[in-house]
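# Close look at the chain arrangement
Here is how the chains run, residue by residue.
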Amino acid sequence: SSRRRHTRSCLKSRGLGDVYKRQAFGLFNYVLTSIGLPRVLWLGDTSTALPSLALVVLTWILGVPIILYLAALGNIPTELLEAALIDGANAWQQFWKVTFPLLLPTTLFVLVTQTIGVFQVFVVVLLMTRGGPAYSTMTIVFDIWQTAFDFYHFGYASAMGVVLLLIVGTIAVIQYRFLGREVEY
């Protein structure tokens, strides 16, 4: 009862984010303590905050590529694989000579869109760490947002956004030129 009141007062006074940054809760810490290891402040320590956010982002961005690759694999004509088998190709040769070239359009699309998506990581940082601790999880887009809405330097934030657009656009063009010449539609 008094513990509940204390928890409620902590949530009211510090905000939910601070409680989780300062405390070591969660499934991973439960597993660590059950095997005799100390708890870890996953989002409260500069050495673990960025890898923790990277794990969250990784689980978040994997869904679309998996669905796209499954759809692309389902569209590969079985006649081509059977023809390669008749020609004496083993499974490894079938993959590299038939399957992989037919997956190049999907690979190009996934590579370009995921690269653009990674440059735009914002919501995870805003909700989980707000760039901390000690700016260890600061991303480009969060820095642009903070410049505009925390420091009210809208012009500078706009310039930062344009520079980010040019960087991401250049990388996308390079990726398209590198992989695009081998892609047949």
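Residues numbered from 1 in each chain as written. Predicted model: local features only at pLDDT ≥ 70, side-chain atom pairs only at ≥ 80, totals over all residues. Heavy atoms only, no water.

## Describing the packing of aromatic side chains
For the structure shown, the criterion picks out eleven aromatic pairs. Centre to centre, the rings of Phe-122 and Trp-145 are 5.7 Å apart; their planes meet at 55°, and the pair counts as tilted. Within this pair, whereas Phe-122 is found in the loop between helix 7 (91-119) and helix 8 (123-128), its partner Trp-145 is found in helix 9 (residues 140-149), the two being separated by 23 residues in sequence. A relative accessible area of 18% places Phe-122 in the buried class. By relative accessible area, Trp-145 is classed as partly exposed at 22%. With centroids separated by 5.8 Å and ring planes inclined at 75°, the aromatic side chains of Phe-149 and Phe-154 adopt a geometry described as edge-to-face. Judged by its relative accessible area of 48%, Phe-149 is partly exposed. (Phe/Tyr/Trp six-rings, centres within 6.5 Å; stacked < 30°, edge-to-face > 60°. Helix = DSSP H or I, 4+ residues; strand = E, 2+ residues; numbered from the N terminus. Buried < 20%, exposed > 50% of the residue type's maximum accessible area, 1.4 Å probe, protein only.)

## Thoughts on the packing of helix 5 (residues 63-74) against helix 7
Interhelical geometry of helix 5 versus helix 7 gives an angle of 160° and a closest axis separation of 10 Å. With respect to helix 7, the element helix 5 is oriented roughly antiparallel. In this structure, helix 5 meets helix 7 at a crossing whose hand is right-handed. Contacts between helix 5 and helix 7 involve Pro-65, Leu-68, Tyr-69, Ala-72 and Leu-73 from the first element and Thr-99, Leu-103, Thr-106, Thr-107, Phe-109, Val-110 and Gln-114 from the second. Class assignment for the residues of the contact of helix 5 with helix 7 results in eight nonpolar, four polar and no charged. (Axes fitted to C-alpha atoms, helices over the stretch in contact; angles between N-to-C directions. Parallel < 35°, antiparallel > 145°, perpendicular 65-115°, else oblique. Left-handed = near helix turned anticlockwise from the far one by under 90°. Contact = heavy atoms within 4.5 Å. Nonpolar A, V, L, I, M, F, W, Y, C, P; charged D, E, K, R; others polar.)

## Here's the deal with the confidence of the model for the protein
Across the protein, the average pLDDT comes to 85, with 85% of residues at 70 or higher. The model gives residues 1-21 a pLDDT under 50, and that stretch makes 13 contacts with residues more than four places away or in other chains. (pLDDT = per-residue confidence, 0-100.)

## Details of the nonpolar core
A general trend in soluble globular proteins is that nonpolar side chains are found buried together. If you look at the biggest cluster of nonpolar residues, it comprises 15 residues, and the most contacted ones within it are Leu-53, Val-125, Ile-144 and Leu-164. At the level of elements, helix 4 (49-61), helix 8, helix 9 and helix 10 (154-180) are the ones that each hand at least two residues to this core. Setting aside residues up to four positions removed in sequence, Ile-144 forms contacts with Ala-157, Met-160, Gly-161 and Leu-164. Leu-108, Val-112, Ala-172 and Leu-179 belong to the second largest nonpolar core, which has five residues in total. (Core = buried A, V, L, I, M, F, W, Y, C linked by side-chain atoms within 4.5 Å.)

## Description of helix 7
The first and last C-alpha atoms of helix 7 sit only 37 Å apart over 29 residues, clearly below the 42 Å expected at 1.5 Å per residue. Along its length, helix 7 shows its largest kink, about 45°, at Leu-104, and proline Pro-105 lies within four residues downstream of that point. Burial in helix 7 covers these residues: Gln-94, Val-98, Thr-99, Leu-103, Leu-104, Thr-106, Thr-107, Leu-108, Val-110, Val-112, Gln-114 and Thr-115. Tucked into the core, helix 7 has its buried residues touching helix 4, helix 5, helix 6 (78-86) and helix 10. Two or three places before Trp-92, at the opening of helix 7, Asn-90 has a side-chain oxygen 3.2 Å from that residue's backbone nitrogen. (Expected span 1.5 Å × (residues − 1). Bend = angle between axes of the 7 residues up to and from the residue. Polar contact = N/O pair within 3.5 Å; in protein donor to acceptor, adjacent residues only side chain to side chain.)

## As for the pattern of salt bridges
Across all of its chains, the model carries one salt bridge by this definition. For Arg-130, the salt bridge goes to Asp-150, with nearest N and O atoms at 3.5 Å. Taken together, the residues span a long stretch of sequence, with Arg-130 in the loop between helix 8 and helix 9 and Asp-150 in the loop between helix 9 and helix 10 at a distance of 20 residues. Asp-150 sits in the partly exposed class, given a relative accessible area of 31%. (Salt bridge = Lys/Arg side-chain N within 4 Å of Asp/Glu carboxyl O.)

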